[in-house]
Amino acid sequence: MRDSRSLIGETDLVRFWAKTTYEAEKCPRPYHPLTCHLIDVASAALAMWKDVLPNTRKRRLAKPFTLEHDLDTAGVLIAFPAGLHDLGKCSPRFELRGKHTPETVPT
């Protein structure tokens with residue numbers, strides 16, 4: 001039920017999907033909400049920034065933003081658009097994708 005004080009209800013946050021499969025035996029929860037997917041990707045990008053990239057590469061990527069001396073902020077700035085990479089899935093055209101395809105074709 002929608003709270004009259006909020007703009008979006010709890011179910012609105014999981015209405016849009018990012019990943020799904022028809023292989024229920026392999027994946028008991030075949031639906032992955034878009035909001036969760038975007039957060040997962042941003043978190044993975046930030047973790048890679050912190051734990052994988054060497055500082056020389058970080059400084060090179062941060063330089064166009066004049067953040068080569070603030071690598072923590074640069075990492076967040078780069079992780080944010082990485083998390084938004086699938087925002088286009090938040091559309092009726094994508095939501096209807098797969099509605100009329102055979103169950104053997106994952107979307």
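Anything mentioned here points back to the structure above.
This report concerns the structure included in the present document. Here the structure is a predicted model, which means the values were calculated and not measured.

**With respect to unusual backbone geometry**
Alright, step 1. A positive phi angle, close to 55°, is found at Thr66, a residue other than glycine.
Alright, step 2. Mapped onto the fold, Thr66 is located in the loop between α2 (55–62) and α3 (71–83).

**Structural notes on the environment of Asp72**
Alright, step 1. Examined against the element boundaries, Asp72 turns out to sit in helix α3.
Alright, step 2. Its relative accessible area of 62% is what places Asp72 among the exposed residues.
Alright, step 3. C-alpha separation for the pair Asp72 and Trp49, spaced 23 residues apart in sequence, amounts to 8.9 Å.

**Here we look at the packing of α2 against α3**
Alright, step 1. One way to put it is that α2 packs onto α3 with a least axis distance of 10 Å and a crossing angle of 65°. Relative to α3, α2 is oriented roughly perpendicular. In this structure, α2 meets α3 at a crossing whose hand is left-handed. Counted together, Asn55, Lys58, Arg59, Leu61 and Ala62 of α2 and Leu71, Ala74 and Ile78 of α3 form the full contact between these two elements.

**Here we look at a nonpolar patch on the surface**
Alright, step 1. On the surface, Phe80, Leu84 and Leu87 cluster together into a nonpolar patch covering about 300 Å² of accessible area.
Alright, step 2. Inspection of the secondary structure assignment puts Leu84 in the loop between α3 and α4 (92–95).
Alright, step 3. We classify Leu84 as partly exposed; its relative accessible area is 34%.

Basis of the calculations
Residues numbered from 1 in each chain as written. Predicted model: local features only at pLDDT ≥ 70, side-chain atom pairs only at ≥ 80, totals over all residues. Heavy atoms only, no water. Helix = DSSP H or I, 4+ residues; strand = E, 2+ residues; numbered from the N terminus. Buried < 20%, exposed > 50% of the residue type's maximum accessible area, 1.4 Å probe, protein only. Axes fitted to C-alpha atoms, helices over the stretch in contact; angles between N-to-C directions. Parallel < 35°, antiparallel > 145°, perpendicular 65-115°, else oblique. Left-handed = near helix turned anticlockwise from the far one by under 90°. Contact = heavy atoms within 4.5 Å. Patch = residues over 30% accessible without salt bridge, like charges linked within 9 Å, V, L, I, M, F, W, Y side chains within 5 Å. Areas by Shrake-Rupley, 256 points an atom, 1.4 Å probe, with all protein chains shown as cover. Salt bridge = Lys/Arg side-chain N within 4 Å of Asp/Glu carboxyl O.

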